[in-house]
Each structure stands twice: as structure tokens, then as C-alpha cells.
Amino acid sequence: AALRVTDGGLVVVDCVEGVCVQTETVLRQAISERIRPVVTINKLDRAFIELQLEGEDMYTNFVRVVESVNVIVSTYHDEVLGDVQCYPDKGTVAFSAGLHGWAFTLTIFARMYASKFGVDTEKMITRLWGDNYFDAEAKKWKHTPVSTEGKPLKRAFCQFIMDPIGALFEAIMGEK
């Protein structure tokens, strides 16, 4: 199945197939039982190896999946639970490759990069998701994909998360 809920409220969504018919049923059940959903976007290995997607394409797909989940969650809003929508920059969305046994949240990468950039982890988390770009030449964060010099910039999520993971996949698959 492309989606399931575990005892702790973890909802697993296939990153290739995305949100499917079972999603609404499982999320409705979790919310009706007052379980706060936490989402993992799974099968990243397929996105890298099989589909060979670029980081920006994966990011766009992840945004679409999160938005679809949140539309369903808002449909079954429960006043007692409050806001249970899922957001990567709030720690309620993880990314995984269950077949290979690894997963991460933005918090993991934010901790690694926070000291490098001299900011706290919470601030770094917000920079790793959304329209955030790092202009290395100017040493500045931007909200547009164009550097001070007019050069294209990569989205921070792609540059600091997907590119390093992609490089690992490439090295491992090439037996390097």
C-alpha cells in the first residue's frame, strides 16, 4: 500500500505515487481517534535511482504531497486536537527510503548546518524549506533564485539536502 498509519500516528506516503485513495481513510481514522498524524514521504531511493529526478523536481513533488495531506487533514479538523497539519519545517514530515532503512527530518540537517552558518537550529530549519536560497558568493540568504551577481541559485533544500544524498547514491550505485 502507498499509505498506512502506525500506532504512533505515522502516516507513510509513497513519494512516487503520492497521496492515493487510502490516504483520506487513514487520516480520517487517525484524527477521529485523536491521533496527531506525522507523515513520512517514503521511497526516496526510487526517486534517485529509478526515476533519476532532479532535486527541484523532488522538492516540488514533496510540496504537492504535503499540501494534499493537509487538505485532507483540514477536512477532518478536530477542535480538541487543534492544528494537526503536517509541515517539514515543524518536524511533522520526514523523508525516507524504507527499503534501505534510512530517514531524516529537516531537524537532522539543520543541526549539521546551524554551526556552519552560525545560526540556531530553529532558524536553520526554516531556511531548509520553502523559497530559500543561499548565495555563497555574497554569503547571504535570499528568497529568490537569483544571486547578487544575477546567477541562478539552487533552493536550499536541494543544495544542502538532496544534492548530498544524491551524491551518496551516485557513489554507492557506481561502487565508488
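Structure first, text after, so check above.
Residues numbered from 1 in each chain as written. Predicted model: local features only at pLDDT ≥ 70, side-chain atom pairs only at ≥ 80, totals over all residues. Heavy atoms only, no water.

(A) Structural context of the overall build of the protein. For the protein, the helix and strand inventory stands at 6 helices and 7 strands. Helices and strands appear in the protein in the N-to-C order β-β-α-β-α-α-β-β-α-α-β-β-α. Relative to the globule expectation of 16 Å for 176 residues, the C-alpha radius of gyration of the protein, 17 Å, shows essentially globular dimensions. With respect to the three principal axes, the spread of C-alpha positions in the protein is 50 × 40 × 25 Å. For the protein, with 176 residues in total, the buried portion stands at 42%. (Helix = DSSP H or I, 4+ residues; strand = E, 2+ residues; numbered from the N terminus. Rg over C-alpha atoms; globule rule 2.2 N^0.38 Å. Buried < 20%, exposed > 50% of the residue type's maximum accessible area, 1.4 Å probe, protein only.)

(B) Structural context of the side chain of T92. Along the chain, T92 turns up in the loop between α3 (55-75) and β4 (93-97). In this structure, T92 is in contact with V38, V39, Q85, C86 and Y87, ignoring residues within four places of it in sequence. (Contact = heavy atoms within 4.5 Å.)

(C) Representation of the pattern of salt bridges within the structure. The tally for this structure, following the rule as stated, stands at 5 salt bridges. A salt bridge links K151 to E137, with the nearest nitrogen and oxygen atoms 3.0 Å apart. In this pair, K151 sits in the loop between β7 (140-142) and α6 (156-173) while E137 sits in the loop between β6 (133-135) and β7, placing the two residues 14 residues apart along the sequence. The exposure class assigned to K151 is partly exposed, which follows from its relative accessible area of 43%. Linked through salt bridges whose partners overlap, the residues forming this network are E56, D131 and R155. (Salt bridge = Lys/Arg side-chain N within 4 Å of Asp/Glu carboxyl O.)

(D) Up close: the nonpolar core. Ranked by internal contacts, the top residues of the largest apolar core, which has 40 residues, are I41, F62, F95, F157, I161 and M162. Put simply, the parts of the chain that give this core at least two residues each are α1 (21-32), β3 (38-42), α2 (44-48), α3, β4, α4 (106-117), α5 (121-127) and α6. Excluding residues within four positions of it along the chain, M162 makes contact with L44, F48, G55, M58, F62, F104 and F157. (Core = buried A, V, L, I, M, F, W, Y, C linked by side-chain atoms within 4.5 Å.)

(E) Expanded view of the pairing of β4. β4 sits mainly inside the fold: 5 of its 5 residues count as buried. Going residue by residue along β4, you find V93, F95 and A97 tucked away on one face and A94 and S96 tucked away on the opposite face as well. Pairing between β3 and β4: 3 bridges, direction parallel. Residue pairing in the sheet places T40 in a bridge with A94 of β4. Two strands pair when backbone bridges link them, and β4 and strand β5 (residues 102-104) are joined in this way by 3 bridges, in the antiparallel orientation. Paired with F95 across the two strands is F104, which belongs to β5. Connecting the antiparallel pair β4 and β5 is a turn made up of 4 residues, with G101 showing a positive phi of about 75°. (Pairing = 2+ DSSP bridges.)

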